[in-house]
Amino acid sequence: MSGGPRPGDVFGAMIKDAYAVATGTGTRPLAGGRLPRPVIETIERDDGLINGAPAAHYFAGPPDWEPYDRRAVSRVRGATLDVGVGAGRIALLLQEQGTPVTGLDTSPGALAVCRRRGVRDLVHGTVDAHVADGRRYDTFLLLGNNVGLLEGVERGRVFLAALAAMARPGAQVVAQGTDPYGTRDPVHTGYHERNRRQGRLGGQLRLRLRYRELGTDWFDYLVCSVEELAALVDGTPWRLVDVDDRDAPYYLAFLRLAG
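Residues numbered from 1 in each chain as written. Predicted model: local features only at pLDDT ≥ 70, side-chain atom pairs only at ≥ 80, totals over all residues. Heavy atoms only, no water.

Once that is clear, we can look at the environment of Gly-144. By the element assignment, Gly-144 lies in the loop between strand 6 (137-142) and helix 6 (153-165). Gly-144 gets classed as partly exposed once you look at its relative accessible area, which sits at 41%. Sequence separation between Gly-144 and Arg-210 is 66 residues; the distance between their C-alpha atoms is 18 Å. Setting aside residues up to four positions removed in sequence, Gly-144 forms contacts with Arg-89, Gln-176 and Tyr-221. (Helix = DSSP H or I, 4+ residues; strand = E, 2+ residues; numbered from the N terminus. Buried < 20%, exposed > 50% of the residue type's maximum accessible area, 1.4 Å probe, protein only. Contact = heavy atoms within 4.5 Å.)

In structure tokens, the structure reads:
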């Protein structure tokens, strides 16, 4: 035995268990008896920091959403690609409202849960691979802090180019992010400084997800300020046209296809 985590669909395994606990159906993780174990999403940072949060929020209904999520959905128009659909909470509401929505995710387990919950149009893969499908969208959603999917400057510009290749004229990106720089916690400020010394953005996290015996490979996830996001977007097919920071440090960034 290596003692390390086993590769697998970490997010999917977690979402499946969280769905089983939420609905009381299917196999649920047990805590030494009949009580289901709380399903915790564990995030490990490359400096050794470990954070955990209950996975139940992936199933929250609109009354329990953060205000910025509700404001983001109000700005959706036309055919929509929900990037990182997760358990489908946003896609389900859009579907109910009559908005044509496609959920995209790299996790087969998450997509299976979305199907069980009633999301009709789902795609397994990355935005890069989905370009080849020839589908076109008016709105791209990066909610649930999914500005992070940009990863960093270089990958972020490739990611935005892929969205542009699937965009109809006048298309928009609605993205939710978090400004990481309001903290005075030395665990975080020291990490930001270390990143900058390495030529990375301060909040360019290096992470892996853990759930039970499973673990992902290490990956980058971008937590950035609005100013950093604007600099990243500059020179891409998109323009940053609006920012909603009423719930700072959380913000919504609205990009519009140039031209």
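Attention now moves to empty space enclosed by the protein. Inspection of the entire model under this criterion finds 1 cavity of 30 Å³ or more. Reported here for the largest cavity is a volume of approximately 50 Å³. Taken together, Leu-142, Leu-150, Leu-160, Val-173, Ala-175, Leu-229, Ala-253 and Leu-255 form the lining of the largest cavity. Counting only elements with at least two residues in the lining of the largest cavity, the list comes to strand 7 (167-178) and strand 12 (250-257). Partitioning the lining of the largest cavity into residue classes produces 8 nonpolar, no polar and no charged. (1 Å grid on protein atoms, 1.4 Å probe; cavity = no way out; pocket = protein on both sides within 12 Å on 5 of 7 lines; lining within 4 Å. Points joined across faces, edges and corners; volume = space filled by probe spheres on them. Nonpolar A, V, L, I, M, F, W, Y, C, P; charged D, E, K, R; others polar.)

Strand order in the open sheet formed by 7 strands is 5-4-3-6-7-12-11, and the pairing between neighbours is mixed. Looking at the sheet topology across the chains shown, the edges are occupied by strand 5 (122-124) and strand 11 (238-244). On average, each strand axis in the sheet is inclined to that of its neighbour by 20 degrees, with strand direction left out of account. Contacts from helix 4 (residues 108-117) reach strand 4 (101-105) and strand 5, with the element oriented near 170 degrees to strand 5. Sheet strands touched by helix 8 (residues 226-233): strand 11 and strand 12. Its angle to strand 11, the strand with the most contacts, is close to 165 degrees. (Pairing = 2+ DSSP bridges. Axes fitted to C-alpha atoms, helices over the stretch in contact; angles between N-to-C directions.)

Of all 6 residues in strand 6, 6 are buried, a share of seventy percent or more. Two strands pair when backbone bridges link them, and strand 3 (residues 80-83) and strand 6 are joined in this way by 3 bridges, in the parallel orientation. Along strand 6, the bridge assignment pairs Thr-80 with Thr-139. Inspection of the sheet shows strand 6 paired to strand 7 by 5 bridges, in the parallel sense. Paired with Thr-139 across the strands is Gln-172, a residue of strand 7. Each parallel crossover has a hand, and for strand 6 linked through helix 6 to strand 7 it is right-handed. (Right-handed = clockwise from strand over helix to strand, strands pointing away.)

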